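Listed below are the residues making up each chain.
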2 protein chains.
Amino acid sequence: MKDKILELLEQRRYSEIAAAMKDMNPADAAALLEELPDQSKPLVFRLFPKELAAEAFAYMDGDSQEVLIQGFTDKELDEVMSQMFLDDTVDLIEEMPANVVKKILRHVDEDTRKMINQVLNYPKDSAGSLMTMEYVDLKGSMTVEQAFDHIRATGVDSETVYTCYVTDSRRKLEGIVTVRELLLSPKTEILRNIMETNVKFVRTHTDQEEAARILSKYDFLAVPVVDAEERLVGIVTVDDAMDVMQEEATEDMERMAAMAPSDKPYMKVSVFENWKKRAPWLLFLMISATFTGSIITHFEAALAANLVLSSFIPMLMSTGGNTGSQASTTVIRSLSLGEIRYRDIPRILLKECGTAILCGVTLAVVNFAKLMLIDRVSIMVALVVCLTILVVALVANLVGCLMPMLAKRLGFDPTVMASPLISTILDAVSLIIYFNIAVAVLNI
Amino acid sequence: MKDKILELLEQRRYSEIAAAMKDMNPADAAALLEELPDQSKPLVFRLFPKELAAEAFAYMDGDSQEVLIQGFTDKELDEVMSQMFLDDTVDLIEEMPANVVKKILRHVDEDTRKMINQVLNYPKDSAGSLMTMEYVDLKGSMTVEQAFDHIRATGVDSETVYTCYVTDSRRKLEGIVTVRELLLSPKTEILRNIMETNVKFVRTHTDQEEAARILSKYDFLAVPVVDAEERLVGIVTVDDAMDVMQEEATEDMERMAAMAPSDKPYMKVSVFENWKKRAPWLLFLMISATFTGSIITHFEAALAANLVLSSFIPMLMSTGGNTGSQASTTVIRSLSLGEIRYRDIPRILLKECGTAILCGVTLAVVNFAKLMLIDRVSIMVALVVCLTILVVALVANLVGCLMPMLAKRLGFDPTVMASPLISTILDAVSLIIYFNIAVAVLNI
C-alpha cells in the first residue's frame, strides 16, 4: 500500500490516492501516513476524506502529528481539534513541544481548555489522567424515550454511548444504565427504576492499572471516575484500559530484564535512549557481581586445595539464579494481577518450600548420577555439590518469593526484585553456601 | 464480607444472607462464593437472587463450578445453563471432568450441543475457540427501525448488541453497523446505506492473540470471526480479548523466567504442578551450565598462572547475561506486540550495535578506573578485563536480539530465547571470549 501511494504521489495522480483512501479504517490510514516521508505527509493527509482525516489523526504517533500540525492552516487545525475526543487531545498536548501546544490551545474553546487543564493536573498514570470527560449524562426522572432523545442529541460527542451515567443535580453519581437495558425496557419506564445503583467506580487518583483491572474483572465497557466529593468527573473506556494493560505488561517485562521502562515502541527508541535505559542497571549489576568475585578470592585457598570444585561454580550459580527468578517472576506477576495478598504469605512460603524441595531433590539426584558416572569425582565432592544444590534451591525459592513482596511493602515496584537483581544476590549467596559446605565436609 | 456470611451461616440467619447478596455484582458474588468452604457453597448459591446466581456462576473458578454442579437438581442446572452464554458454556465443558460434562450436556438443547461441538473442534488458542456464537444478525434491507425491533427481540440472548452484523442469505458478512450509528440515523434509513463495509475480521483458525491485537488496534468492542467460506460464524468480544492479553503476557513472563506456562492463578497451583512447570527447565539449564564449568576447567592452566583472573569470572558472566537478556526481552516484547518485522532486522542490528558500544564503553571505563584505583591490578590485566567487557557487550546484544527472531522464524515461541537460556549461552560465550583474550594479551 505504501509503495503504491508513493508511486501515485510521484506521478501526481492525487485523485487516485483519494479514491484508495476513501474506505480505509482510521487506524490503518494513520499507520500508512506514519510510514510516508515527512514532506509528503501533509499532502496525503489533505487527500483523506474529512471525517477520516480527523479520526486518523488521533491514531498517529507524536512525530507525525507534529509534522502535520506545523503545516496546518487555522481552518484545518480547527476541524481536527473539534473532532478529537478530550482524552486524545490531552495525550497530544502532553507529547507536543511548547510552540505546538500554544498553537493547539488557540484552537480549542474556553470550556475544553478548562477541562484539559483539569486533566493535566491529575498525576501521571492516574485514572484522572486517563479518563475522558465526554460521556452521556442522564437524570433519574427521565423516561427511556427521553433518554434515547438525549443520547441522540449529545451522543455524537461522547466517546461511548453504551453506558450512560445517571447523576443528581450536584453531579453525584446515582446509577448507571446501559443502552442494552434501555433497548430492552418499555419506552415509558423511568430510569430510576431500571438503573443499576450498585456502581463500581474509581477515584481520580486511583492508579490507571487498578482502573483497567476493574474494567477487566467486571467485563465493563467503561468505569466512572469520581472526585473527592464523589461527583462524576469522567469515564475510563475499555480501549484505553487495554492500552494501559499492554503498556504495564511491557514495563514490567522491561524492569524484569533490568531496564528502565519507556513508553515508546522499539523502532522509535534511539540508541542514546536505549543506553540511558540500560546502562545504569548494567553498571549497578556489574558492581554487585564484583562482590561475588571477591567471595571466590576469599575462598581461593579452598579452591586451590581441591581444583575440581571451581568447575561447579557456574552450574551452582546458575541454578540459584534460575530458581530464584522462577519464584520471583511468579510472585511479581501474581501481585500485579492482584491474585495474592500479604495475608497469603505463610501459604506462599509453604508452597515455595515444597516446590524447592521437589526441584532441589530432582536436580541433586541427576547431578549425583552425573558426578559419579561421568565426571567420576570422589563421593565426598559429589555430596558437597548435591547438598549445595538442595540448600541453594530452598534459599533461592524463599528469597525469590519474599523479596518482591518486601519491595512492595516498602513502597517500591516489586519488579525491581526480578531476575537480574535476584540472580546477582543469589549468585553470591550460592557461592557462600557452596564454599561453607565444602570447607565443612572436606575439612579444607 | 466472607466472615460476615460465615457467621450468618452458622446462626442459620439465611434471609439476612439473601438480603446482603441482593445487590451484589456477579463478579464479586462469584469471588465471595469461591472463598467459602465447599460444603456451604450450594446453600449460599441457592440464596442468591435467580438472575445473579446464573450470572455469578459464569465468573466462578472450575473447582467451585464443579462443587455446585454436583449438587444441582435438574431444574437448577437447567436454569443456570439456559442463562449462560455459549463461550462460557464451552469454557465450563473444557474444564469439567467427564461425568460432569455428561450431566451438563443432558441439560442443553440440541442446537446448543451442536454449536458447542463446533467450537470444541477449533484448535486451542484460536479465535474459533474463543468466540461466541450469540450475536445480533441483521439484513442489509432492514430499516433502522426494523433493526431496533430485531435487537429488542433477540438482543437478550446476545453477548453484545452494540455491534451488529449484516449478512446476506448465505451468511456471508456484508458489513457492520453499531447501535451508536443506528441511534444517530433517521428511523427510515436502510442499513445498507449506513453500514461499514470495510470490515476487519479474523478467521476461525487465527491465533486468539492476533484477534485480541486487532480489537485493541482498532478500538473495537467485538471482531467478527468467519470460516473458510467467509461466512460469519461468531464474534470475539473485548472482555475475552482483555483476558487473552493478560494470559498471554503472564505466559510470556513465565516462559521468560524458564517456566512452563500454566493458566491457573498462583494460589490454585499445587506444589506438584509447580515442580512440573519448573524442574525440566532447571534441569536443562543446570546441565547447560556444566559446560560453562568445563570451559573453566579447560583454561585451568591460564587461571593458575594468573590467579586474580578467576575473581572477574562472575562479573563478566553476569554482564554478558544481563546485556543479552535486555536485548532479548526488548525484541521478544516488540515481536509479540507486532512492533517489529523481519525486514527491520538490519535496523535492529544497527541499533543494538550502537547501544552495545555505548553500554560497553561505559562499563569498561568504570571498570578500568575501579581495577586501577581500588583493586590495583596490573595494567595488562585491567586491559584484558575491559576489552572482554567491550566484546562481550557487543556479542551479547547481537545474540540477544537475533536469537528470538531466529526462534520465531523456525516456528518456535520466541520467549524460549529469553533471559535464562540466553544467559546460559552467554555465560559460556563470555568465558571463552575472556580466556582467549587473556591468553593472547598476557601470553599465558
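Residues numbered from 1 in each chain as written. Chains lettered and ligands numbered in written order. Predicted model: local features only at pLDDT ≥ 70, side-chain atom pairs only at ≥ 80, totals over all residues. Heavy atoms only, no water.

Under an unreviewed UniProt entry, the name given to chain A is Magnesium transporter MgtE, and the organism recorded is Candidatus Acutalibacter pullicola. UniProt, in the comment section headed Subunit (unreviewed entry), describes chain A in these words: "Homodimer." (UniProt positions renumbered as here; feature names shortened; annotations may be inferred.)

(A) Spatial organisation of the interface of chain B and chain A. The interface of chain B with chain A comprises 110 residues on the first partner and 110 residues on the second. Carbon and sulfur atoms supply 64% of the area buried between chain B and chain A, which totals about 10,100 Å² over both sides. Inspection of the chain B/chain A interface yields eight salt bridges. Across the salt bridge formed by Lys 200 of chain A and Asp 28 of chain B, the nearest N and O atoms sit 2.4 Å from each other. Here the element with the most residues in the side of chain B that touches chain A is helix H17 (residues 271-298) of chain B; it accounts for 17 residues. Broken down by class, the residue content of the side of chain B that touches chain A amounts to 55 nonpolar, 30 polar and 25 charged. (Contact = heavy atoms within 4.5 Å. Buried area = accessible area lost by both parts, 1.4 Å probe. Salt bridge = Lys/Arg side-chain N within 4 Å of Asp/Glu carboxyl O. Helix = DSSP H or I, 4+ residues; strand = E, 2+ residues; numbered from the N terminus. Nonpolar A, V, L, I, M, F, W, Y, C, P; charged D, E, K, R; others polar.)

(B) Quick look at the nonpolar core. Counting 158 residues, the largest nonpolar core has Phe 45 and Phe 48 of chain A together with Phe 45 and Phe 48 of chain B as its most contacted members. In contact with Phe 48 of chain B, other than residues within four places in its own chain, are Met 21, Ala 29, Leu 33, Ala 53 and Ala 56 of chain B. Membership of the second largest hydrophobic core comes to 70 residues, among which are Val 384 and Val 392 of chain A together with Cys 359 and Ala 438 of chain B. (Core = buried A, V, L, I, M, F, W, Y, C linked by side-chain atoms within 4.5 Å. Buried < 20%, exposed > 50% of the residue type's maximum accessible area, 1.4 Å probe, protein only.)

(C) Quick peek at the relation of the copies chain B and chain A. The transformation that overlays chain B on chain A combines an axial shift of 0.0 Å with a rotation of 180°, and the residual RMSD is 0.1 Å. The operation mapping one copy onto its partner corresponds to a two-fold rotation axis. Here 100% of the interface residues in chain B have copies in chain A that are interface residues too; the copies meet face to matching face. (Least-squares fit on C-alpha atoms with pLDDT ≥ 70 in both.)

(D) Region of interest: the environment of Lys 172 of chain A. Residue and element names in this part refer to chain A. Here Lys 172 is to be found in the loop between strand S2 (163-167) and strand S3 (173-178). For Lys 172, a relative accessible area of 30% corresponds to the partly exposed category. With 59 residues separating them along the chain, Lys 172 and Arg 231 place their C-alpha atoms 4.3 Å apart. Those residues within four positions of Lys 172 in sequence are excluded, and the remaining contacts are Val 166, Thr 167, Glu 229, Glu 230 and Arg 231.

(E) Representation of unusual backbone geometry. A positive phi angle, close to 60°, is found at Glu 230 of chain A, a residue other than glycine. With respect to the helices and strands, Glu 230 of chain A occurs in the loop between strand S5 (222-226) and strand S6 (232-237). Positive phi, normally seen in glycine, also occurs at Arg 171 of chain B, with a value near 65°. The topology assignment puts Arg 171 of chain B in the loop between strand S2 (163-167) and strand S3 (173-178).

(F) Here's a closer look at the side chain of Lys 351 of chain A. Tracing the chain through its elements places Lys 351 of chain A in helix H20 (residues 345-375). Within the buried core, Lys 351 of chain A has no salt-bridge partner, and the shortest N-O distance to an opposite charge, that of Glu 273 of chain B, equals 7.2 Å. For Lys 351 of chain A, the residues in contact, after removing those within four places along its chain, are Tyr 266, Met 267, Lys 268, Val 269, Val 271 and Asn 274 of chain B. (Lys, Arg positive; Asp, Glu negative; His and termini not counted.)

(G) Focus on the sheet that holds strand S4 (residues 202-203) of chain B. Residues and elements named next belong to chain B. In spatial order, the strands read S4-S5-S6; together these three strands make up an open sheet with mixed pairing. Each of the sheet's edge strands pairs with one partner strand only, and the pair in question is S4 and strand S6 (232-237). Strand direction decides the pairing type here: strand S5 (residues 222-226) and S6, joined by five bridges, are antiparallel. Note that in S6 the partner of Pro 224 across the bridge is Ile 235. (Pairing = 2+ DSSP bridges.)

(H) Focus on the confidence of the model for chain A. Residues and elements named next belong to chain A. Predicted confidence across chain A gives a mean pLDDT of 86, with 100% of residues reaching 70 or more. Looking across chain A, the model is least confident in helix H18 (residues 300-305), with a mean pLDDT of 77, and most confident in strand S4 (residues 202-203), with 94. Taken over the whole predicted complex, pTM reads 0.78, whereas the ipTM for its chain interfaces reads 0.77. (pLDDT = per-residue confidence, 0-100.)

(I) Seen up close, the side chain of Asp 239 of chain A. Relative to the helices and strands, Asp 239 of chain A is located in helix H16 (residues 238-256). No salt bridge is formed by the buried Asp 239 of chain A, whose closest oppositely charged neighbour, Arg 180 of chain B, lies at an N-O distance of 9.6 Å. Within polar-contact distance, the side chain of Asp 239 of chain A engages the side chain of Thr 237 of chain A at 2.8 Å. Apart from residues lying up to four places away in sequence, Asp 239 of chain A is in contact with Glu 159 of chain A together with Asp 219 of chain B. (Polar contact = N/O pair within 3.5 Å; in protein donor to acceptor, adjacent residues only side chain to side chain.)

(J) The arrangement of the packing of aromatic side chains in detail. All chains considered together, the criterion is met by 21 aromatic pairs over all chains. An angle of 20° between the planes, with centres 4.7 Å apart, marks the rings of Phe 299 of chain B and Phe 435 of chain B as stacked. Remark: Phe 435 of chain B occurs in helix H22 (residues 419-442) and Phe 299 of chain B occurs in the loop between H17 and helix H18 (300-305); sequence separation between them is 136 residues. By relative accessible area, which is 1% here, Phe 435 of chain B ends up buried. Sitting above the plane of the Tyr 342 of chain A ring, Arg 409 of chain A keeps its charged end 3.9 Å from the centroid. (Phe/Tyr/Trp six-rings, centres within 6.5 Å; stacked < 30°, edge-to-face > 60°. Lys NZ or Arg CZ within 6 Å of the ring centre and 35° of its normal.)

(K) Molecular detail of the UniProt feature "domain: CBS" (unreviewed entry) in chain A. Listed under "domain: CBS" (unreviewed entry) in the UniProt record, and renumbered for this structure, are residues 195-251 of chain A. Helix makes up 42% of residues 195-251 of chain A and strand 23%, and the two end C-alpha atoms of the span are 38 Å apart.

(L) Here's a closer look at a nonpolar patch on the surface. Residue and element names in this part refer to chain A. On the surface, Ile 357, Val 361, Val 365, Leu 387, Leu 390, Val 391 and Leu 394 cluster together to form a nonpolar patch covering roughly 520 Å² of accessible area. Those elements giving two or more residues to the nonpolar patch turn out to be H20 and helix H21 (379-409). No other element matches H21, which puts four residues into the nonpolar patch. Looking at the element boundaries, Leu 387 is found in helix H21. Assessed through its relative accessible area of 39%, Leu 387 is described here as partly exposed. (Patch = residues over 30% accessible without salt bridge, like charges linked within 9 Å, V, L, I, M, F, W, Y side chains within 5 Å. Areas by Shrake-Rupley, 256 points an atom, 1.4 Å probe, with all protein chains shown as cover.)

(M) Fine view of the packing of helix H19 (residues 313-336) of chain B against helix H21 (residues 379-409) of chain B. Residue and element names in this part refer to chain B. Two numbers describe how H19 lies on H21: the axes approach to 8 Å, and their chain directions differ by 30°. Classed by the angle they form, the pair H19 and H21 counts as roughly parallel. Helix-helix and strand crossings are classified by hand; for H19 and H21 the assignment is right-handed. Judged by residue contacts, Met 315, Leu 316, Gly 320, Thr 323, Gly 324, Ala 327, Ser 328, Val 331, Ile 332 and Leu 335 of H19 engage Val 385, Thr 388, Ile 389, Val 392, Ala 393, Ala 396, Asn 397, Gly 400, Cys 401, Pro 404, Met 405 and Lys 408 from H21. A class-by-class count of the residues in the contact of H19 with H21 yields 14 nonpolar, seven polar and one charged. (Axes fitted to C-alpha atoms, helices over the stretch in contact; angles between N-to-C directions. Parallel < 35°, antiparallel > 145°, perpendicular 65-115°, else oblique. Left-handed = near helix turned anticlockwise from the far one by under 90°.)

(N) Structural view of empty space enclosed by the protein. Summed over all chains, the structure comprises four cavities of 30 Å³ or more. Of the pockets and cavities examined, the largest cavity occupies roughly 350 Å³. Looking at the lining of the largest cavity, the elements with two or more residues in it are helix H19 (313-336) and helix H22 (419-442) of chain A together with H19 and H22 of chain B. Classifying every residue of the lining of the largest cavity gives eight nonpolar, 14 polar and two charged. (1 Å grid on protein atoms, 1.4 Å probe; cavity = no way out; pocket = protein on both sides within 12 Å on 5 of 7 lines; lining within 4 Å. Points joined across faces, edges and corners; volume = space filled by probe spheres on them.)

(O) Focus on the UniProt feature "transmembrane region" (unreviewed entry) in chain A. Those places that UniProt annotates as "transmembrane region" (unreviewed entry) correspond, in this numbering, to residues 281-309, 381-406 and 418-442 of chain A. End-to-end, the C-alpha atoms of residues 281-309 of chain A are 31 Å apart, and along that stretch the chain is 83% helix and 0% strand.

(P) Examining helix H12 (residues 144-154) of chain A more closely. Those residues of H12 of chain A lying buried are Val 144, Ala 147, Phe 148 and Ile 151 of chain A. Down the axis of H12 of chain A, the smallest arc covering the buried residues is 100°, so these residues share one side. (Arc of directions from axis to C-beta.)

(Q) Up close: the environment of Met 131 of chain A. Position of Met 131 of chain A among the secondary structure elements: in the loop between helix H11 (127-130) and strand S1 (137-138). Under the relative-accessibility criterion, Met 131 of chain A is labelled buried at 1%.

(R) Just the pairing of S5 of chain B, in detail. Residues and elements named next belong to chain B. Counting buried residues in S5 gives five out of five residues, a clear majority hidden from the surface. Burial along S5 is two-sided: the face carrying Ala 222, Pro 224 and Val 226 and the face carrying Val 223 and Val 225 are both buried. Examined bridge by bridge, S4 and S5 share two bridges and lie parallel to one another. What sits directly across from Val 202, in S5, is Val 225.

(S) Just the sheet that holds S3 of chain A, in detail. All names here are of chain A. Across the sheet, which stays open at both edges, the three strands sit in the order S1-S2-S3 with mixed pairing between neighbours. In this open sheet, the two edge strands, each paired with only one partner strand, are S1 and S3. Across two bridges, S1 lies against S2 in parallel orientation. Among the inter-strand pairings, Asp 137 is bridged to a residue of S2, identified as Tyr 165.

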